[in-house]
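What follows is each chain in one-letter form.
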Amino acid sequence: MAAPSKKLQDALNAQIVAEFHSAYVYLSMAAYFEAENWPGFAKWMRVQSREEVEHAMKIFDFVNDRGGRVQLGAIEKPPVRFASPLDAFRKAYEHERKITQKIHKLYDLAVQEGDYPTQVMLQWFIDEQVEEEKITSEAVARLERAGDHPHALLMLDRRFGKREE
Ligand code: OFO
C-alpha cells in the first residue's frame, strides 16, 4: 500500500508533535499539583500525560506501518502557571477543544486526499476527543461546584487520585 501523500504525512507528523505537546501540558499541570500538595490531581495529570504519549505513538506507528517517514519537530513550551485547580482544568478543557479541531482538520485532509486508512485510523481519535472533552468539562463543573470549600476540594483530590494507571 502506498504511503500517505506528502501533504498528509506532514500533517500527521504535526499531529504527533501536538500529542507530545499535550503530554507536556499535562505533565506541567502534574508538576503544579505536586508543588501545591494536591496528590490526587497530580496523579490524574500524570496518567493523562502518559495517555497522550500513547496517542502520539499510535500515529507514529501508523505512519511507519504505511511506509511513510516520521519526522519529529520542536515541542512548544507548555503553560507553567496556574491560579488554582479550577484554572488548570479549565486550561485542560480548552486545550482538548483545540486538539479536537486539529483532529477534525486532519480528517478533512485525509478525505480530500482520498486516504481511507488514515480516515479509519483517525476515527479512533475522533471518538477519543469526545471522551477527553467530556472528562475535562466534567472536572471543570465539579471544581466550580466545589468553589473554595476546602473539604469539597480535598474530596475531589482524593477521587481524582483513584484514576487507574
Ligand atoms: Fe490526545 O487527546 Fe488529549 O490532547
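Placed above this text is the structure.
Rules behind the numbers
Residues numbered from 1 in each chain as written. Predicted model: local features only at pLDDT ≥ 70, side-chain atom pairs only at ≥ 80, totals over all residues. Heavy atoms only, no water. Helix = DSSP H or I, 4+ residues; strand = E, 2+ residues; numbered from the N terminus. Buried < 20%, exposed > 50% of the residue type's maximum accessible area, 1.4 Å probe, protein only. Contact = heavy atoms within 4.5 Å. Areas by Shrake-Rupley, 256 points an atom, 1.4 Å probe, with all protein chains shown as cover. Lys, Arg positive; Asp, Glu negative; His and termini not counted. Charge placed at Lys NZ, Arg CZ, Asp CG, Glu CD. Expected span 1.5 Å × (residues − 1). Salt bridge = Lys/Arg side-chain N within 4 Å of Asp/Glu carboxyl O. Patch = residues over 30% accessible without salt bridge, like charges linked within 9 Å, V, L, I, M, F, W, Y side chains within 5 Å.

Asker: Explain the overall build of the protein chain to me, and be specific about the residues and the numbers.
Answerer: Within the protein chain, the regular secondary structure consists of five helices and zero strands. The order of helices and strands in the protein chain, counted from the N terminus, is α-α-α-α-α. Taking the principal axes of its C-alpha atoms as reference, the protein chain extends roughly 55 × 25 × 25 Å. In the protein chain, which comprises 165 residues, the share counted as buried stands at 45%. Considering only intrachain contacts with a sequence separation of at least 6, the fraction spanning at least 24 residues in the protein chain is 78%. Carbon and sulfur atoms form 53% of the exposed surface of the protein chain, whose accessible area is close to 9,300 Å². The average position of the 23 basic charges and that of the 27 acidic charges among the side chains of the protein chain differ by 3 Å.

Asker: With reference to specific residues and values, describe helix α3 (residues 85-112).
Answerer: Over its 28 residues, α3 runs 41 Å from end to end, which matches the ideal 40 Å to within 8%, given 1.5 Å per residue. One or two steps after α3, the chain reaches G114, where phi turns positive at roughly 65 degrees.

Asker: Talk me through the pattern of salt bridges; I want residue IDs and the actual numbers.
Answerer: Tallied over the full model, the rule gives 10 salt bridges. A salt bridge links R97 to E94; the nearest nitrogen and oxygen atoms lie 4.0 Å apart. Here R97 and its partner E94 are both found in helix α3, three residues apart, which amounts to about one turn of the helix. With a closest N to O distance of 3.7 Å, E138 and K134 form a salt bridge. Here E138 and its partner K134 are both found in helix α4 (residues 116-146), four residues apart, which amounts to about one turn of the helix. Among the ionic contacts, a cluster of salt bridges with common partners joins K43, R50 and E165.

Asker: Account for a positive patch on the surface, with residues named and values stated.
Answerer: A contiguous patch of positive charge, built from R142, R145, R158, R159 and K162, is present on the exposed surface. Listing elements by their share of the positive patch, those giving two or more residues are α4 and α5 (150-160). Among the secondary structure elements, R145 is positioned in helix α4.

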